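Commentary on secondary and tertiary structure
Chain by chain, the residues:
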Amino acid sequence: MTSEHGRSLDEMAADLTDRRRPFARATVVRAQPPTSARAGDQALVMADGEMFGFVGGQCAVESVRQSAVDSIAAGEGVLLRVLPEGAETYPETSGARVAVNPCLSGGALEIFIQPVVPTPIIQVVGDKPIALAIVDQARLLGWAVSRVDPEAAGVWEFTEPHGVVASIIASHGGDEAAAIRTALDHHVPFVGLVASVRRGATVLDAMDLSVTDRACVHTPVGLDIGARTPPEIALSVLAAVVAAIRRDGLAGTGAPEDAPAVVEPRREVDPICGMTVMVSADTIEYDDDSGSHWFCCKGCRDTFVARSAGGLQAAQ
């Protein structure tokens, strides 16, 4: 299966992953005739709803696009059951979603949607046991890790500026202020300094940080779990970062300059079949005196136009 650019979906997925662009892979796992899709058919869906590949007709496509965009935003996979109108539906359950499409040909589909979102990046400044323990444990979490030589902490360049969620300074001395300043200048949202309460306060007081920058710096960094050993301290530090991500919605540094801006897709209701459609450049549209209307397929648009014309004739 190829995209519109002639590349295979696997090649396209690899390229998106390398460029740290979020997307979702939709795979048909069950197809009940009559339907144009078959088990194994796949598509890739971008965060803005753009789709490449094939997972069924237009009605199925709209349901997949919406579920994929939601899946990317939530970072969780979902099993989408696309059923014809009047079919016996499954109850909504965690991890599964049901879409009833009145314009479906009569078949049923089950499509698994798996989001692929960029791996969080954590940068660690230091080469002492605590820094090394943080590196090891961060990798166990599946994160990408960049360890920085503390001697270059104030002058290093971010090689992965997109997606850095945290910079942890665990150099136990040296130019910690320079390391903190560099992270803040690159808009890292979580900056942690491994230090005692007294030394941490001394370092920050000398920096004359703005209120906004000061709120991004955590010292002593880590949850208070009574940690003593380097692995325990590393655990407390990473627990604080995880809490910031999962509980507080912490996101990484901004997208690369060449990345397109992701705008939440507009959603409208097809006035004929009642299906919710995502509005994009290729969405079928019809404008009349009452405004703009969007449709899941040409058939619904033609029906709308015919009904509108009939109403006008009756009024005359």
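Residues numbered from 1 in each chain as written. Predicted model: local features only at pLDDT ≥ 70, side-chain atom pairs only at ≥ 80, totals over all residues. Heavy atoms only, no water.

**Some words on the side chain of T219**
With respect to the helices and strands, the residue T219 is situated in the loop between β11 (217-218) and α7 (230-246). Owing to a relative accessible area of 19%, T219 belongs among the buried residues under this scheme. A distance of 3.1 Å separates the side chain of T219 from the backbone oxygen of L193, its partner in a polar contact. For T219, the residues in contact, after removing those within four places along its chain, are L193, A195, S196, G200 and L204. (Helix = DSSP H or I, 4+ residues; strand = E, 2+ residues; numbered from the N terminus. Buried < 20%, exposed > 50% of the residue type's maximum accessible area, 1.4 Å probe, protein only. Polar contact = N/O pair within 3.5 Å; in protein donor to acceptor, adjacent residues only side chain to side chain. Contact = heavy atoms within 4.5 Å.)

**Considering the pattern of salt bridges**
On inspection of all chains with the given rule, the structure shows 13 salt bridges. Note that R247 is salt-bridged to D248, the shortest N-O span being 3.3 Å. The pair R247 / D248 is uniform in exposure class, with both members exposed. (Salt bridge = Lys/Arg side-chain N within 4 Å of Asp/Glu carboxyl O.)

**Observations concerning the packing of helix α4 (residues 176-185) against helix α5 (residues 197-205)**
At their nearest, the axes of α4 and α5 sit 10 Å apart, and the two run at 65° to each other. The crossing of α4 and α5 is right-handed. Where α4 approaches α5, its residues E176, A177 and I180 are matched on the opposing element by R199, V203 and L204. The residue makeup of the contact of α4 with α5, split by class, is 4 nonpolar, no polar and 2 charged. (Axes fitted to C-alpha atoms, helices over the stretch in contact; angles between N-to-C directions. Left-handed = near helix turned anticlockwise from the far one by under 90°. Nonpolar A, V, L, I, M, F, W, Y, C, P; charged D, E, K, R; others polar.)

**What to know about the layout of surface pockets**
There is about 310 Å³ of room inside the second largest pocket. Around the second largest pocket, the lining is made up of 17 residues, and of these E50, M51, R65, S280 and D282 lie nearest the centre. Of all the secondary-structure elements, those providing two or more residues to the lining of the second largest pocket are β3 (51-53) and α2 (58-74). Of all the elements, α2 adds the most residues to the lining of the second largest pocket, at 4 residues. In terms of residue class, the lining of the second largest pocket is built from 8 nonpolar, 4 polar and 5 charged. (1 Å grid on protein atoms, 1.4 Å probe; cavity = no way out; pocket = protein on both sides within 12 Å on 5 of 7 lines; lining within 4 Å. Points joined across faces, edges and corners; volume = space filled by probe spheres on them.)

**Observations concerning the sheet that holds strand β7 (residues 121-125)**
Ordered by their spatial adjacency, 5 strands build an open sheet running β8-β7-β9-β10-β11, and the pairing between neighbours is parallel. Both outer strands of the open sheet, β8 (144-148) and β11, are each paired with one neighbouring strand and no more. In this sheet, β8 lies alongside β7 in parallel orientation, the contact comprising 5 bridges. Residue pairing in the sheet places I121 in a bridge with A144 of β8. Along the sheet, α4 contacts β9 (164-169), β10 (190-193) and β11; its crossing angle with β10, the most-contacted strand, is approximately 170°. Most of the contacts of α7 go to β9, to which it runs at about 155°, and overall it touches β7, β9 and β10. (Pairing = 2+ DSSP bridges.)

**A closer look at the confidence of the model for the protein**
Confidence in the prediction of the protein, expressed as mean pLDDT, is 84, and 85% of residues score 70 or more. Note on residues 312-316: pLDDT is under 50 here. Beyond four places in sequence and across chains, it has 0 contacts. (pLDDT = per-residue confidence, 0-100.)

**Structural notes on the side chain of Q137**
With respect to the helices and strands, the residue Q137 is situated in helix α3 (residues 129-140). What makes Q137 buried here is its relative accessible area of 18%. Here the side chain of Q137 touches P231 through a polar contact of 2.9 Å, landing on its backbone oxygen. Other than its neighbours up to four places away in sequence, Q137 contacts P231, A234, L235 and L238.

**Observations regarding the nonpolar core**
The biggest cluster of nonpolar side chains holds 26 residues, and the ones touching the most others in it are I122, I134, I168, F190 and V241. At the level of secondary structure, the elements contributing two or more residues to this core comprise β7, α3, β9 and α7. Dropping the residues within four chain positions of it, I134 is found in contact with I122, V124, I168, A234, V237 and L238. Counting 21 residues, the second largest nonpolar core, distinct from the first, contains A24, V82, A99 and L109. (Core = buried A, V, L, I, M, F, W, Y, C linked by side-chain atoms within 4.5 Å.)

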